[in-house]
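Geometric and topological summary
So the chains spell out like this:
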Amino acid sequence: MKRAALVAWIGLTDLRASRGELRDGVGPIAQAVQQRSFDEIHLLSDHKSSDSGGFVGWLKEKTGKTAKIWNVKLKGPTRFSDIYEAATSVLGALVETDAERQLTFHVSPGTPAMAAVWVLLAKTKFPAELIESSLEEGVKTISLPFEIAADYLPARDLERDDAIMRLTQGLPPEVAEFGAIIHRCQVMKTTIAQARRVAVEDVPVLIQGESGTGKELLARAIHASSRRASQPFVEVNCGAIPGELVESELFGHTKGAFTGAFTAKAGYLEAADGGTLFLDEIGELPAPAQVKLLRALQAKKIQRVGSTKPQSVDFRVMAATNRVLIDDVAEGRFREDLFHRVAVGVLTLPPLRDRPGDINLLIDHFLDQINADRDDTPGWIHKNLSAGARNLLNQHPWPGNIRELSNTLCRAAIWSPDQIVTTDQMRNALFPVKREVPGHDTILNRSLGGELDLPELIAEVARHYLSRAYQEADGNKSAACRLVGLPNYQTFTNWMKKYGIQS
């Protein structure tokens, strides 16, 4: 069973309630905890630790519930960028530990800016129930029958941007290849700045990152910014070479060196002479090839298979891997001396799920590309995304990263007969991601007796799925009833009324 989590800012009214300064009521947070059932309470606070701690102690005395405090530092309680970043950081940590939590955001405590950010996040990246409370009407669910496109971006962090500018001071102008790497988040800005800095140094580079994060694109940009830019860029997929051909492919061979060698052939290392050798997925190289590659890098000489004459080569080596190569070294799968030979300038590309603000940029870029590529296709209609479809993309964890995003958009655009790609069409284009949450009880293995309340358990399940379907269907009850297997919109409406869900 999903755990219900209340998330809220501690407001001044809540603090006044904990000090006994309110004539009536207990403040919005305590009121919500008293009237609703939550398994977890997470409270964000930019107040003094003593004030926050005092409130949590008072809340436990008043309601019997324990809350977790997330202390954050805001430059101001109305500064949207600070509030947004603090809230997304806390929610990201919660989702990382349990992606199946059923979130509820309380909009009453705190400033109007804090309430606005909760609404934005609930309708975009972190789907959640929104509640408000008052003395007159108690605790109510807020129903917002519209979608918001998830393209809000907090203001730029000037301090971090200054650090990036210092890192790139004195470098030549950025080449077009770096400009082709779509990004605006701070972590990518830093990575690009580091890449530009290492590009002008003729040292080996190791690029780490999950599959689909753009390692080859970054390697090509580094090459284009280097003094070897006019020379060859030779890419080798180390995982795609059959084991028996690795030596021949890397170092070349003479005519007659082995059965089938009808002509002499230059290897990849020889072809890269003067330029850059890019060894993609270097962790897949078999052990014997690792030894010979190390010797070639150390001596700057190679010898074709079947030849007794070494020849000098001069190339810059760049390598990429989607594995944690240092772990492979520790476990004996990759040579330590070769690791230290290639891992001089080390760059790490973050996964797409850790690039806040970049997903919408990439969506727009790929969608423009898809439309442009099909301009001459008879009957093609330029595609745009509905707000719900865009939000689904922002909520997806993207195990395949940028490559998966590009392919998903292509599928959705092709399958949609109309100009607007709908939420349902985008859901069909996405590959499902299995989320495992070990250690949590499911709905079917609760202990009998004790606190088990079957009617309430059934009601809780119904409320969850009805609310979720209504939200994902953009408030369309006919579409929502199909998502939960109900026969028609009238039945869906009756169930919403039965379980107290406002439309």
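Just so it is clear, the structure is predicted and the values come from calculations on it, not from any experiment.

Cut-offs applied
All residue numbers here refer to positions counted from 1 along the written sequence of the relevant chain. Only residues with pLDDT of at least 70 are given local features in this predicted model, and only at 80 or more are side-chain atom pairs given and counted; all residues enter the totals for whole chains, interfaces and linings. The basis for every side-chain value is the complete set of heavy atoms in the structure, and neither hydrogens nor water enter the calculation. The term salt bridge refers to a pairing of a side-chain nitrogen on Lys or Arg with a carboxyl oxygen on Asp or Glu at a separation within 4 Å. A run of H or I in DSSP becomes a helix once it reaches four residues, and a run of E becomes a strand once it reaches two; helices and strands are each numbered from the N terminus. Buried residues are those whose accessible area, probed at 1.4 Å on protein chains only, stays under 20% of the maximum for their type, while exposed residues exceed 50% and partly exposed ones sit between those limits. Where helices are involved, their axes are fitted lines through C-alpha atoms of the stretch in contact, as for all axes, and angles between N-to-C directions lie from 0 to 180°. Working rule for angles: under 35 degrees goes down as roughly parallel, over 145 as roughly antiparallel, 65 to 115 as roughly perpendicular, anything else as oblique. Here a crossing is called left-handed whenever its near helix is offset anticlockwise from the far helix by less than a right angle, and right-handed whenever the offset is clockwise. Throughout, a contact is declared for two residues whenever any of their heavy atoms are within 4.5 Å. A pair of strands is considered paired only if DSSP assigns at least 2 bridges between the two. Expected helix span is computed as 1.5 Å times (number of residues minus one). N or O atoms closer than or at 3.5 Å make up a polar contact, with two conditions inside protein: a donor-capable atom paired with an acceptor-capable one, and, for residues adjacent in sequence, both atoms drawn from side chains. Any two of the Phe, Tyr and Trp rings considered here, Trp counted by its six-membered ring, make a pair once their centres fall within 6.5 Å; the pair's planes then place it as stacked at under 30 degrees, edge-to-face at over 60, or tilted in between. Definition used: whenever NZ (Lys) or CZ (Arg) falls within 6 Å of the ring centre and also within 35 degrees of the ring normal, the charge is taken to sit over that ring.

Let us now look at the pattern of salt bridges. As enumerated under the stated definition, the model contains 24 salt bridges in all. Glu210 serves as the salt-bridge partner of Arg353, at 2.4 Å between the closest nitrogen and oxygen. Highlighted residues: Arg353 in the loop between β15 (345-348) and α15 (358-373) and Glu210 in the loop between β7 (205-208) and α9 (215-224), separated in sequence by 143 residues. When its relative accessible area of 27% is taken as the criterion, Glu210 is described as partly exposed. The closest approach of N and O atoms between Asp328 and Arg333, which form a salt bridge, is 2.5 Å. On the accessibility criterion, Asp328 (4% relative accessible area) is buried.

Closest axis-to-axis distance for the α15/helix α17 (residues 401-415) pair is 10 Å, and the angle between their directions is 50°. Relative to α17, the element α15 is oriented oblique. Seen from above, α15 lies across α17 with right-handed handedness. In this structure, α15 contributes Ile359, Leu362, Ile363, Phe366, Leu367 and Ile370 to the contact, and α17 contributes Ile402, Leu405, Ser406, Leu409, Cys410 and Ala413.

Taken in spatial order, the 5 strands line up as β8-β11-β14-β7-β15 in an open sheet, and their pairing is parallel. Of all the strands in the sheet, the pair left with one neighbour each is β8 (233-237) and β15. Direction aside, the axes of adjacent strands within the sheet are offset by 15° on average. Of the strand pairs in this sheet, β7 and strand β14 (residues 316-321) are connected by 4 bridges, and their pairing is parallel. Residue pairing in the sheet places Leu206 in a bridge with Ala319 of β14.

Here we come to helix α4 (residues 80-97). With 18 residues, α4 extends 26 Å from end C-alpha to end C-alpha; this agrees with the ideal 26 Å at 1.5 Å per step. Taken as a whole, α4 has its buried residues at Ser81, Asp82, Ile83, Tyr84, Ala86, Ala87, Thr88, Val90, Leu91 and Leu94. On its buried face, α4 sits against β1 (4-9), β2 (40-45), β3 (68-71), β4 (102-106) and α5 (112-122).

Within the fold, His106 resides in strand β4. A distance of 3.4 Å separates a polar side-chain atom of His106 from the backbone nitrogen of Ser108. Ignoring sequence-local partners within four residues, the contact set of His106 consists of Leu6, Val7, Ala8, Pro28, Ile29, Ala32, Trp118, Ile131, Glu132 and Ser133.

Counting across every chain of the model gives 3 aromatic pairs. Residues Phe233 and Phe278 carry aromatic rings whose centres are separated by 5.8 Å and whose planes lie at 25° to one another, so their mutual orientation is stacked. Of this pair, Phe233 sits in strand β8 while Phe278 sits in strand β11 (residues 276-280), and the two are 45 residues apart along the sequence. The burial state of Phe233 is the same as that of Phe278; both residues are buried. Positioned above the aromatic ring of Phe126, the side-chain terminus of Lys125 is 5.9 Å from the ring centre.

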